[in-house]
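The primary structure of each chain is shown beneath.
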Amino acid sequence: MNITDHPSFVAGMRNYLNTTPPDFDSETSIARHITAAYNAVTEELNLSEEPLLSADNFLWSYNALLGIFERVEIPGLITLAQLYDGIYTAGDSGKPKRIRIGWQRANNIARSIHRLHELQAPKLFESPTPGICCTSGFLQVSEYGPELSGHNPDHAQTIAYDFDINPETEAPEKWLAFLDSLFENDEDKHSKIAVLQEFIGASISNVATTFQKCLLLLGHGSNGKSVLCDIIAELLFPEGTATFISPRRWDRDYSLAGLKNSKINIVTELPETSALESGGEIFKAVVAGDCLECRLPYQPPHFIRPSAGHIFAANELPHNRDHSHGFWRRWMTINFNVNFEDSPFRKTKTEIMDSLKDERGAIIVWALHGAARLIRRGDYTRVESHNETVAEWKKDSDAVYDFALSCLEYPATFFTPLSDLREEFRVWARHVGRCDEIGARTLSKRLAKIKGLERKRKSSAVGFQCSVLPIQQWRETVN
């Protein structure tokens, strides 16, 4: 329950006004008086000992019962300002003056509270302590695992679970059996489950952007990936902390602002085309948690650092135009190879969800142990099939990479001028139906990024240490 909704709060505010009226009736004076009254009343009711703070273009109040900072919204502040209507000022030297507060003046006072100099705390949520709040305390995550302690405003948390979580709980057997069924015959089953554990845990405990990676779940229908995504969003994260914003909309201010309070962002139907075709730099910045400008409707621009982990599900590898190392290193891929369509053991999402509800706390603790392992090792568990998937993805998305794999032999002692390589690329592209027209400079830069392909300069010619396969050989490969 929000502090302003506490049954004794408004009564406490009225009592404070009667015993300690404001000295002046200016909007700024009333704004300061509201903050002083708010702080005094919350402390008297044992709701908080922390003062109101303004950060990230919002006003925040610490709730000692939940161990989190809660946003104090403008409508709530307007209501508090309206309490002052009809109150007399204390008066400095003359006769006390009755305060008049209409709706517009109340709105002005509410907005001025956000800008009071003494409330500014711009770096309040810049480095939250890794972990989660729940009704039993704060579960801090370190390389040694999750550890339960008391609530503390220094943790800089804004989200809490509304139930107890015991870090010593037993392993979630039904959840692990469900994951096992998704990758039943895969040789890299255990590494896939380990990556899921680490990624979910990192997203829950606010460290996902530290490792700057996102998950791509691949496979055709009836393989369980959509059910998995729904369970993660609905069962493992507090209400309102899971978002579903496609990366094709991240270059829009309003959509980007929607990621502000997100812990996990899930896109269950990533389209094969256009999803990653634009905004390559913004995509990498969001996944890495860089500082970005955005805004909400009818509000001024402000800056956020997205902290959500991102899970995308797709039937096919999506097209993209970003061929940089920074793009490819952001991805972890997991292939779903089991088909449950004709399975006699197939269950509906509702049946699976109902069977897992009593393990909710245990699954969260399981995920936090994965986050601890991630922090300890400094990187995600390696999935054996990932490199093969990314190599295929690069070939589909990058004509130059595909050309190099299909037509060139490297490393080699033979030197091939760039002009010859460009002509060979044109012949190959026409043959395979790729219409990419690439200039010499772009071709040179793209080839130079391919591991093992060395760029050289001989006399006045730029080229690469490679040889070009005879046309008959690469035709056989293509066919």
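You'll find the structure just up there.
Examining the environment of N152
And then number 1: Within the element layout of this structure, N152 appears in the loop between strand 6 (145–149) and helix 5 (173–182).
And then number 2: Classification of N152 as partly exposed rests on a relative accessible area of 30%.
And then number 3: Note: C-alpha distance between N152 and R14 (138 residues apart in sequence) is 29 Å.

Observations concerning the packing of aromatic side chains
And then number 1: Summed over the entire model, instances satisfying the criterion amount to 24 aromatic pairs.
And then number 2: When the ring of F327 is compared with that of W393, the centres are 6.0 Å apart and the planes differ by 70°; the resulting orientation is edge-to-face. With a gap of 66 residues between them, F327 in helix 10 (residues 325–328) and W393 in helix 13 (residues 386–397) connect regions that are remote in the sequence.
And then number 3: F327 sits in the buried class, given a relative accessible area of 2%.
And then number 4: Residue W393 is classed as buried on the basis of its relative accessible area, which comes to 0%.
And then number 5: What links up through ring pairs into an aromatic cluster is the set W250, F283, F312, F327, W328, W331 and W393.
And then number 6: When the ring centre of F58 is taken as reference, the NZ or CZ atom of R71 above it lies at 3.8 Å.
And then number 7: Across the ring face of Y401, the terminal group of K394 is positioned such that the distance to the ring centre comes to 5.5 Å.

A few points about a negative patch on the surface
And then number 1: A surface patch of like charges, here negative, comprises E43, E49, E50 and D154.
And then number 2: Tracing the chain through its elements places D154 in the loop between strand 6 and helix 5.
And then number 3: Residue classification places D154 among the exposed positions, given a relative accessible area of 63%.

A closer look at the pattern of salt bridges
Two side chains with opposite charge may pair up if their charged atoms get near one another.
And then number 1: Applying the stated rule across the entire model yields 20 salt bridges.
And then number 2: Note that K260 and D56 form a salt bridge whose closest N and O atoms lie 3.5 Å from each other. Residue K260 is located in the loop between helix 8 (253–257) and strand 9 (264–267), and its partner D56 is located in the loop between strand 1 (53–55) and strand 2 (58–63); the two are separated by 204 residues in the primary sequence.
And then number 3: Assessed through its relative accessible area of 16%, K260 is described here as buried.
And then number 4: Classification of D56 as partly exposed rests on a relative accessible area of 25%.
And then number 5: Measuring nitrogen to oxygen at the nearest pair gives 2.8 Å for the salt bridge that ties E198 to R373. A residue pair is termed long-range when its members are at least 10 positions apart, and E198 in helix 6 (residues 189–204) and R373 in helix 12 (residues 360–377) qualify at 175 residues.

About the thresholds
- Residues numbered from 1 in each chain as written.
- Predicted model: local features only at pLDDT ≥ 70, side-chain atom pairs only at ≥ 80, totals over all residues.
- Heavy atoms only, no water.
- Helix = DSSP H or I, 4+ residues; strand = E, 2+ residues; numbered from the N terminus.
- Buried < 20%, exposed > 50% of the residue type's maximum accessible area, 1.4 Å probe, protein only.
- Phe/Tyr/Trp six-rings, centres within 6.5 Å; stacked < 30°, edge-to-face > 60°.
- Lys NZ or Arg CZ within 6 Å of the ring centre and 35° of its normal.
- Patch = residues over 30% accessible without salt bridge, like charges linked within 9 Å, V, L, I, M, F, W, Y side chains within 5 Å.
- Areas by Shrake-Rupley, 256 points an atom, 1.4 Å probe, with all protein chains shown as cover.
- Salt bridge = Lys/Arg side-chain N within 4 Å of Asp/Glu carboxyl O.
- Lys, Arg positive; Asp, Glu negative; His and termini not counted.
- Charge placed at Lys NZ, Arg CZ, Asp CG, Glu CD.

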